[in-house]
Amino acid sequence: GHTILDSEIAKVFWRKPFNNDLQIDAYVDAELKYIYREIFNYFSRKGKTILVVPNAEQYVGKITQMTVAKEYFSVPNWAITLNGSLGEGECVAKSLSSEPTSANKVIYTTIVNRESIDITYPWFLQDLVQADLDITVVYIDGKAFAFEFNRKENLIDWRKEINRDRQYWKIHDLNRDIYKQIIAFMKDLGLKFGRLDFLLRDGNYSFLEVNPNGQWAWLDIDNKNGLMAEMVNQLTPNLMSTMAVVRNFNQHFPND
């Protein structure tokens with residue numbers, strides 16, 4: 001029953017809309033998502049949207065990410081296959097779309113044996129990388145905030161335990177080179193926001209992926225790394241007007 005006028009809205013930050021009602025009709029679900037998208041588009045025309053574009057992963061998907069990433073990072077060998085030769089030995093299988101199955105099951109990153117895979121299905125496979133730490137980096141318009149997580153035995157995909165009390169992420173100190181490479185990589189992709197995942201062993205970072213609309217708040221809920229403060233700063237209504245004043249000043253007085 002709450003209402004708000006469009007004139008009262010200063011900024012819009014897009015977070016992927018999820019519907020937890022499994023019984024909802026597909027038509028109704030599609031109509032609701034249409035409404036959410038159009039609200040974003042409406043405010044985008046007014047210059048009030050920040051950082052994230054809806055469905056950015058459709059334009060910066062796995063193939064684009066992995067090929068561009070090779071210019072900046074070490075990237076494990078990978079392949080997307082259908083009815084093709086998969087080779088032999090163990091590898092890691094991942095979902096491309098992250099969509100649930102028809103039985104509402106989610107496919108996490110999983111170690112598989114190449115010989116056991118049904119080649120008639122589409123697969124995103126990657127070489128298995130042994131690592132000591134999971135590294136996740138939240139990128140916000142030219143700034144990077146890094147966190148690390150000690151890998152547990154057989155925990156290939158830490159999302160299985162996300163938000164649980166026993167999962168503890170701590171601040172990670174990125175070296176200057178990898179920090180600069182992350183900034184350059186995200187600018188190359190044209191992304192102002194994203195969460196990048198790496199594996200780290202013996203000082204070597206292996207790039208896994210970037211999520212253009214990844215979760216972030218649980219990493220720095222107490223603002224120990226400045227991530228929370230930066231996001232609040234981005235969302236503060238006055239920031240946009242201040243930036244507009246600065247841009248207007250610079251246009252008229254470029255040498256000042």
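In the block above lies the structure referred to throughout.
We now turn to the structure provided with this report.

Cut-offs applied
Residues numbered from 1 in each chain as written. Predicted model: local features only at pLDDT ≥ 70, side-chain atom pairs only at ≥ 80, totals over all residues. Heavy atoms only, no water. Helix = DSSP H or I, 4+ residues; strand = E, 2+ residues; numbered from the N terminus. Expected span 1.5 Å × (residues − 1). Buried < 20%, exposed > 50% of the residue type's maximum accessible area, 1.4 Å probe, protein only. Arc of directions from axis to C-beta. Polar contact = N/O pair within 3.5 Å; in protein donor to acceptor, adjacent residues only side chain to side chain. Phe/Tyr/Trp six-rings, centres within 6.5 Å; stacked < 30°, edge-to-face > 60°. Pairing = 2+ DSSP bridges. Contact = heavy atoms within 4.5 Å. Axes fitted to C-alpha atoms, helices over the stretch in contact; angles between N-to-C directions.

Some points on helix α3 (residues 176-189)
Point 1. Across its 14 residues, α3 extends 20 Å between first and last C-alpha, which sits within 8% of the 20 Å expected from 1.5 Å per residue.
Point 2. Among all positions of α3, only Ile-178, Ile-182, Ile-183, Phe-185, Met-186 and Leu-189 are buried. Buried residues of α3, viewed axially, fall in a sector of 165°; they line one side. α3 presents Arg-176, Asp-177 and Lys-187 as exposed residues on the side facing more than 90 degrees away from its buried surface.
Point 3. Structurally, the start of α3 carries an N-cap: the backbone nitrogen of Asp-177 is 3.1 Å from a side-chain oxygen of Asn-175.
Point 4. Of the residues trailing α3, Gly-190 is marked for its positive phi of about 80°.

Comments concerning the packing of aromatic side chains
Point 1. In this structure the tally under the stated criterion is 14 aromatic pairs.
Point 2. Ring centres of Tyr-72 and Phe-73 lie 6.3 Å apart, and the angle between their planes is 50°; on these two criteria the pair is classed as tilted.
Point 3. Taking relative accessible area as the criterion, Tyr-72 reaches 22% and is therefore assigned partly exposed.
Point 4. Considering the side-chain rings of Tyr-72 and Phe-185, the 5.9 Å spacing of their centres and the 65° angle between planes classify their relative orientation as edge-to-face. One end of the pair, Tyr-72, is in the loop between α2 (62-69) and β1 (78-81); the other, Phe-185, is in helix α3, with 113 residues separating them in the sequence.
Point 5. Feature note: the residues Tyr-72, Phe-73, Phe-185, Phe-198, Tyr-205 and Phe-207 constitute an aromatic cluster, connected by ring pairs.

Considering the sheet that holds strand β6 (residues 143-150)
Point 1. Strand order in the open sheet formed by 5 strands is β7-β6-β5-β8-β9, and the pairing between neighbours is antiparallel. What marks the edges here is a single partner per strand, and that holds for β7 (170-171) and β9 (204-211).
Point 2. Where strand β5 (residues 133-140) lies against β6, 8 bridges are found, and the strand directions are antiparallel. Across the sheet, the residue bridging to Tyr-139 is Ala-144, located in β6.
Point 3. Its contacts with the sheet put helix α4 (residues 227-235) on β5, β6 and β8 (193-201), and the angle it makes with β5 is roughly 25°.

What to know about the environment of Ile-171
Point 1. Its place among the elements puts Ile-171 in strand β7.
Point 2. A relative accessible area of 41% means that Ile-171 is categorised as partly exposed.
Point 3. Beyond its immediate stretch of four places on either side in the chain, Ile-171 contacts Ala-146, Phe-147, Glu-148, Lys-224 and Asn-225.

Here's the deal with the side chain of His-172
Point 1. Topologically, His-172 is positioned in the loop between β7 and α3.
Point 2. Relative accessible area serves as the criterion here: at 9%, His-172 is assigned to the buried category.
Point 3. Of note is the side chain of His-172, whose polar atom sits 2.7 Å from the side chain of Tyr-205.
Point 4. Contacts of His-172, omitting those with residues within four sequence positions, involve Ile-135, Ala-146, Phe-147, Glu-148, Leu-200 and Tyr-205.

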